[in-house]
Structure formats: structure tokens, C-alpha cells
Amino acid sequence: MVPRTVEAAVAAVAVCRRHQAPLTSRGGGTSLAGECSNTAVLLDWSKYCHRLIEVDEQTRTCLVEPGIVLDELNAELQPTGLLYGPCPATRDHCTLGGMLGNNSCGATAQRTGKVVDNIVELEVLLYDGTRMWVGETTDDEYDRIQRDGGRKSYIYRQLQALRDEYLADIRTRRASASVADLRRIRPCGVGWGDNRNSTCLRFLLEPRGGALGAAQAGQADAVGDRAVGGVRQDARVTRRNARGGRSAAEHLIAALRC
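What you see is a predicted model, and the numbers here were worked out from it, not measured in a lab.

Observations concerning the overall build of the protein
Counting secondary structure elements, the protein contains eight helices and ten strands. Here the protein, with 258 residues, has 50% of them falling under the buried criterion. If you sum the accessible surface of the protein, you get close to 11700 Å²; carbon and sulfur atoms cover 48% of it.

This is the structure:
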């Protein structure tokens, strides 16, 4: 499946749901672990859904669709002086959607951080059709989400409970881990419980492969070479399908910091 727009991809997810078909959201196909292959309906964003939608130089953020290639994004950002920092070796082929799904880092990670450190927010679509924005969530915003109820409220509440139950173990075991262990698990979910205000967003990106996929990615914010990211709404799709595909949710739009 090669959607021409994010909304076309949303419609494709609805068809998969109606037929209980697994779904895999594909980026640039550059991963070495076969993440873009599966017995599933494949959504390939790279042919049409690759726009840089907007750039805000003042806030140093940009909004992008998931099929945009990293080198092409940075080439378009160059006149503004912004740069999206995480830089895998496959930067001339990898897409932002795939980078979100893998929580990519690359050789610049010590300076710029991983993708999870460079995302402001994401718009996601769950396999069940739920569409929502996820990003930094203050206590007041969390309370509002709970008052509103619905699927989003349930997801936030369950993730908060999961974080609270295991946070002490995460911190204790990480503190006693060797340097070799920390290097080995760096791209994984050992840090997703640190920041209470971004538990949901970090959970979607921190585990290698993430819980979600990407449809549109968003804003780039840069201080010197440091890139940080955020998301804006246009569409959302899932990466790790609860029915056996790659995703359970897809990122439709992402806001990035550069």
C-alpha cells in the first residue's frame, strides 16, 4: 500500500481493522533487523508522504510527514540554520518515520541525543481508530485528559500506573549497571520513566522499535547543531500492530526540534 496522503493511510488502517489484518508501517527499509518485513499489509510512506509542512525558526521546530528522508529534511532546513541532529549512517535513505519507530541515534547521539530526545509531540492513530496527540503532559493536562475520559484517558492512566510500579526498579538497576551494559541498552526503554511529564511519548519511542509508527512528523528545533523534535497533527498511524504487524499505532505527524 502506497498512500498518497496521510488521510489515505488512515483509511487503509480502517480497512485492515475491518478485516482484522495485521499492518506494518514501512520507512526507508534501511534497518538491518528486518523491521520493514512482515506477513502484513505494508504501508510505504516514502513515495508521497514526504513533505516538510512548516518551519518555525523562532521556536526552532518543524513539522514533517513520516516519509521524508533525513538528508532531504536537513537540506530543506539549511537556509534556516536548523538541523535535525540524530544522524544514522543511512541518513541518505532513512525516513523520519522509520527513525521514530527505531528511536534512531547514530554517531552524533552523544552530542544531539536520540530521536526520543528530539521530538516535541506526535499525532498517532491506534489500530482501533483512536487518533490523538501525545507529547509533554503537565499535571494539569493529565488531569484534563482523565476528565475527558475515553481511550486516550485509559492509555495515559495505564502507562502512568506501569511507570509508577516499576520506576524504582528501573532506577536501581540502571544505577548498578556496568558501562558495557549501558552502552548495549542505550537505545532501549531504560529511561522512559524518568520524566513524568512525557511518559506516554517516551514509551512510544524509547523501546527499540517503539510502540508506534509514523505518518507525519513535525517540528525541528536547533540550538547550534542540536536537534530536537516535536509533532503537529495531520494524520496518525500505528507502528506495532496488536494483531501481529509491526505497529500498534502509527505516527502521522511529528514535531521535531533541531
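Focus on the pairing of strand S3 (residues 52–56)
In the case of a regular strand, side chains alternate between the two sheet surfaces. Bridge count for S3 against strand S4 (residues 61–64) is four bridges, and the pairing is antiparallel. Following the sheet pairing, Glu 54 is matched in S4 by Leu 63. Between S3 and S4, which pair antiparallel in sequence order, lie four residues; one of them, Arg 60, sits at a positive phi of approximately 55°.

Notes on the pairing of strand S6 (residues 131–135)
Extensive coverage of S6 is indicated by the burial of four of its five residues. Bridging between strand S5 (residues 119–126) and S6 involves five bridges; their strand directions are antiparallel. Paired with Leu 122 across the strands is Val 134, a residue of S6. A loop of four residues connects S5 with S6, the two strands running antiparallel in sequence, and Gly 129 in this loop sits at a positive phi of about 100°.

Thoughts on the nonpolar core
In this structure, Leu 73, Tyr 84, Leu 96 and Leu 256 are the most contacted members of the largest nonpolar core, which totals 29 residues. For this core, the element with the most residues is S5, which contributes four residues. Counting residues in hydrophobic clusters, the runner-up holds 17 residues, among them Cys 16, Trp 45, Leu 63 and Leu 125.

Here we look at the environment of Leu 83
Topologically, Leu 83 is positioned in the loop between helix H2 (70–77) and helix H3 (96–102). You can call Leu 83 partly exposed: its relative accessible area is 28%. When the C-alpha positions of Leu 83 and Leu 73 are compared, they lie 8.4 Å apart, and in sequence the two are ten residues distant.

Structural notes on the state of the cysteines
A complete count under the given rule lists zero disulfides for this structure. Looking at Cys 87, it has no disulfide partner, and the nearest cysteine sulfur is the one in Cys 94, 7.7 Å off.

Quick look at the side chain of Thr 108
Counting through the fold element by element, Thr 108 comes out in the loop between H3 and helix H4 (109–112). Here Thr 108 falls in the buried class, since its relative accessible area comes to 15%. Other than its neighbours up to four places away in sequence, Thr 108 contacts Gly 85, Pro 86, Cys 87 and Gly 113.

A few points about H2
Those residues of H2 not exposed but buried are Leu 70, Leu 73, Asn 74 and Leu 77. Angularly, the buried residues of H2 cover 95° about the axis, an arc narrow enough to put them on a single face.

Observations concerning the pattern of salt bridges
Evaluation of the coordinates by the stated rule reveals nine salt bridges. Notably, a salt bridge pairs Arg 26 with Asp 44, separated by 3.8 Å at the nearest N-O pair. Residue Arg 26 is found in strand S1 (residues 23–26), and its partner Asp 44 is found in strand S2 (residues 41–44); the two are separated by 18 residues along the sequence. A salt bridge links Lys 114 to Asp 117, with the shortest nitrogen-to-oxygen separation between them at 3.8 Å. We classify Lys 114 as buried; its relative accessible area is 7%. By relative accessible area, Asp 117 is classed as partly exposed at 22%. Connected through shared salt-bridge partners, Glu 7, Glu 123 and Arg 131 make up one network.

So, how was this worked out
Residues numbered from 1 in each chain as written. Predicted model: local features only at pLDDT ≥ 70, side-chain atom pairs only at ≥ 80, totals over all residues. Heavy atoms only, no water. Helix = DSSP H or I, 4+ residues; strand = E, 2+ residues; numbered from the N terminus. Buried < 20%, exposed > 50% of the residue type's maximum accessible area, 1.4 Å probe, protein only. Areas by Shrake-Rupley, 256 points an atom, 1.4 Å probe, with all protein chains shown as cover. Pairing = 2+ DSSP bridges. Core = buried A, V, L, I, M, F, W, Y, C linked by side-chain atoms within 4.5 Å. Disulfide = S-S within 2.5 Å. Contact = heavy atoms within 4.5 Å. Arc of directions from axis to C-beta. Salt bridge = Lys/Arg side-chain N within 4 Å of Asp/Glu carboxyl O.

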